[in-house]
Structure formats: C-alpha cells, structure tokens
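Listed below are the residues making up each chain.
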Amino acid sequence: MGMSGGSAEGNDKSEGQSFSCKNKLTALVVDNGGVCRVIQTALLRSYGVETEAVETGEAEVELIASGATFNLIIIEMLLPVLNGPETARQIRTMGAQSMILGITAFFDERDQQEFLAAGADEFIEKPLSPEVVIPIIRELHN
Amino acid sequence: MERSPLLRQVAHQRQTLFDEGLLDEQFVRLEELQDRTNPNFVEEIVTTYYQDTSRLILNIEQELERRPLDFGRLDGYMYQFNGSSTSFGAKKVKAECSLFREYCRAGNGEGCMRTFQQLKREYATLKRKLEAYFQLARQARLTQTASPPG
C-alpha cells in the first residue's frame, strides 16, 4: 500500500518535533464541505504531503480512472449522489491501492462497518488531526 | 520585549473566545497551520466557514417551513453543518448541531425548531466576536508595522 520508501522525519507541531517527508507522499481529499476540504488539505500539506481535493465521489472516480494515484485518500462518508463507501468500493474495483481513510461528522458503527467493508482501511470522526495524520504518514513511509 | 496594550487586548480577546466555550482546541490547530506562506489562513477559513454554513442555514430554514417536516433532509443538512463546525472548532455551535440531530432522530419538530433558534444565536455570537477579534488583530499588526521596535 502506498508508493514510497525511505525514512521520514515529521512536522509534528503538536509535539514540537521536526518532521519533514524526504520522499513525497500524495493524498486526495474528497469532501463536499468547503471548509473541511480546505482544512484537511492544509493539514496534510503542512506535513509535506502533496494534496489535491475534490468535492464529489464522481470526481474522485474520474481522477483515479484517468490514472492518478495517491498514497492516501480521505473520503467523507455522506457525499451527495455517490457516497463515501460506494466511492471507495468503485476505486478498489478499479485497482486503487491507496490507503483509504473514511471520515464522518458523526461516528456511527454501521457507517464504519459499511465503509470498511467497501475497502476503507480506517474510519474516523472529524476533525482530521495531527494525532491521526502523523501515524498514517509514518505507516505510509514504512 | 513588552507587549503593547493593543497586543495584550488581542490576546485577551482571543482567550475569551475559548473561555466562553465558543471555540475549542481545533481552532488552535487551525492557527498552527497559519505561517509566512499562508499568513491569512485563519481568516480565510472563517470566511469559508460562514459561506458554507450560511447556505446550510437557509436550507434548514426552508425545510423547517415545510409540512410535514422531512427529518431525513434536516438531518442531512445538520450533518454537514456539524462537519464544518467541528472542523472549524465552533464548540457551542457543534453542541447545538448534535442536539438538533437527536431531535431529528426522535421526530421531534418542536425540539428541532427550538434548537435551531439557539444554534443561530450561538452562530451569530461567534461570528460577531470573531469579526471583532480579527479587526483588533489587524489593527495591532498595522500599529506594529507603523512603529517597528528600536
């Protein structure tokens, strides 16, 4: 899962340590909420992750279908039309090997089960935080 | 270097937003994302937050006028509202979002309407106080630029 090897130090602002990604990771944020999209993108970029963002599951599927690859994809649960789990299912069917993080405004166990069954690796409640991002970045580098 | 009275006022006003429970630690994380390459990040987030949520408020208001109430749609709008408010750090607004959703799930229209009114009050209070805070912060920056130390 993911693409790069090599060591990584990190920009862990909450712990005050130095952290910079030597091998660039890439991420895609899929969220129909403007402020959520901006914040998640900014957080990932602050850790040196090259991040793009789209508003819909359909846009994500198109991007993957066009050949784009990402180490990490963060997908909102309740997207309009093509919801989060269905989006994850479709890109897994297309062969995407990204780490997929499902994210929700309100944690619900059924949503978690649905998302994981669709191919997500983890499922968390907003907000996306350094406590979540840093271990993921370390795992992707390993 | 001793802080100017204006800077102390800015710091005090900022702290009040947390002490009054309007903002939580998520807002601090947003402030930590602001740097030289993105010096207006927090204000831009505030603008985006109010753009996103003002649209949702309008949608919810329209839904609350329909009969019978569509609790599914209301729940959906409030889900989005909560996601934005949580990511922004709007603590009291977030609490009202959760309460609203509970009333939706219970099919309690009166509860929804009452909670929505309270949500709008908290939302407006936060907006007013953030605007005042940023205005003061801008004033402080201008004063510092005009009177460099030395």
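Right, let's talk about the overall build of chain B for a bit. When helices and strands are counted, chain B shows six helices and zero strands. Along chain B, helices (α) and strands (β) appear in the sequence α-α-α-α-α-α when read from the amino end. Overall, the C-alpha framework of chain B stretches about 70 × 30 × 20 Å when taken along its three principal axes. Here chain B, with 150 residues, has 43% of them falling under the buried criterion. Within chain B, residue pairs in contact and separated by at least 24 positions form 66% of the contacts whose partners lie at least 6 positions apart.

Next up on the list: the packing of helix α1 (residues 34-46) of chain A against helix α2 (residues 25-33) of chain B. At their nearest, the axes of α1(A) and α2(B) sit 10 Å apart, and the two run at 55° to each other. As summarised for this structure, α1(A) and α2(B) are arranged oblique, according to the angle between their axes. Of the two elements, α1(A) crosses α2(B), and the hand of that crossing is left-handed. Contacts from A:Ile39, A:Ala42, A:Leu43 and A:Ser46 in α1(A) reach B:Gln26, B:Leu30 and B:Leu33 in α2(B). Of the residues belonging to the contact of α1(A) with α2(B), the class tally is five nonpolar, two polar and no charged.

With that settled, the discussion passes to helix α5 (residues 130-141) of chain A. Look at α5(A): 16 Å from first C-alpha to last across 12 residues, which is about the 16 Å you get at 1.5 Å a residue. Where α5(A) is concerned, the buried positions are A:Pro130, A:Val132, A:Val133, A:Ile134, A:Ile136, A:Ile137, A:Leu140 and A:His141.

On the chain A side, the residues contacting the 22 residues of chain B number 24 residues. Together, the buried faces of chain B and chain A total about 1,800 Å²; carbon and sulfur atoms form 67% of this surface. When the buried surface of chain B facing chain A is broken down by residue, B:Arg29, B:Leu33 and B:Tyr79 rank first, second and third, together holding 33% of it. Counting across the interface, chain B meets chain A through one salt bridge.

The next thing to look at is the confidence of the model for chain B. It should be kept in mind that the predicted coordinates are not to be read in detail where pLDDT is low. Across chain B, pLDDT averages 93, with 95% of residues at or above 70. Interface confidence for the predicted complex, expressed as ipTM, amounts to 0.90; the pTM equals 0.88.

Residue and element names in this part refer to chain A. Read from one edge of the open sheet, five strands run β2-β1-β3-β4-β5, paired in parallel fashion. Here the strands that pair on one side only, and so sit at the sheet edges, are β2 (50-54) and β5 (122-125). Pairwise comparison of adjacent strand axes, ignoring direction, gives a mean angle of 20° for this sheet. Pairing geometry for strand β1 (residues 26-30) and strand β3 (residues 72-76), over four bridges, is parallel. Directly across from Ala27, in β3, lies its bridge partner Leu72. α1 contacts β1, β2, β3 and β4 (99-104) of the sheet and is inclined by roughly 170° relative to β2.

General note: in soluble globular proteins, nonpolar side chains tend to be found buried as a group. One finds A:Leu128, B:Phe81, B:Phe88 and B:Leu130 to be the most contacted residues of the largest nonpolar core, which totals 65 residues. Looking at this core element by element, the count peaks at 11 residues for helix α6 (residues 109-146) of chain B. When neighbours within four sequence positions are excluded, A:Leu128 is seen to be in contact with A:Gln40, A:Leu43, A:Leu44, A:Ile74, A:Leu101, A:Ile103, A:Val133 and B:Gln26. Listed in part, the 22 residues of the second largest apolar core include A:Val30, A:Ile64, A:Ala105 and A:Phe123.

This part takes up the side chain of A:Asp108. Residue placement: A:Asp108 occurs in the loop between β4 and α4 (109-117). A polar contact is formed between the side chain of A:Asp108 and the backbone nitrogen of A:Arg110, at a distance of 2.8 Å.

Going through the model one piece at a time under the given rule, you end up with zero disulfides over all chains. Not part of a disulfide, A:Cys36 finds its nearest cysteine sulfur in B:Cys97, a span of 11 Å. The exposure class assigned to B:Cys97 is buried, which follows from its relative accessible area of 0%.

So, how was this worked out
- Residues numbered from 1 in each chain as written.
- Chains lettered and ligands numbered in written order.
- Predicted model: local features only at pLDDT ≥ 70, side-chain atom pairs only at ≥ 80, totals over all residues.
- Heavy atoms only, no water.
- Helix = DSSP H or I, 4+ residues; strand = E, 2+ residues; numbered from the N terminus.
- Buried < 20%, exposed > 50% of the residue type's maximum accessible area, 1.4 Å probe, protein only.
- Contact = heavy atoms within 4.5 Å.
- Axes fitted to C-alpha atoms, helices over the stretch in contact; angles between N-to-C directions.
- Parallel < 35°, antiparallel > 145°, perpendicular 65-115°, else oblique.
- Left-handed = near helix turned anticlockwise from the far one by under 90°.
- Nonpolar A, V, L, I, M, F, W, Y, C, P; charged D, E, K, R; others polar.
- Expected span 1.5 Å × (residues − 1).
- Buried area = accessible area lost by both parts, 1.4 Å probe.
- Salt bridge = Lys/Arg side-chain N within 4 Å of Asp/Glu carboxyl O.
- pLDDT = per-residue confidence, 0-100.
- Pairing = 2+ DSSP bridges.
- Core = buried A, V, L, I, M, F, W, Y, C linked by side-chain atoms within 4.5 Å.
- Polar contact = N/O pair within 3.5 Å; in protein donor to acceptor, adjacent residues only side chain to side chain.
- Disulfide = S-S within 2.5 Å.

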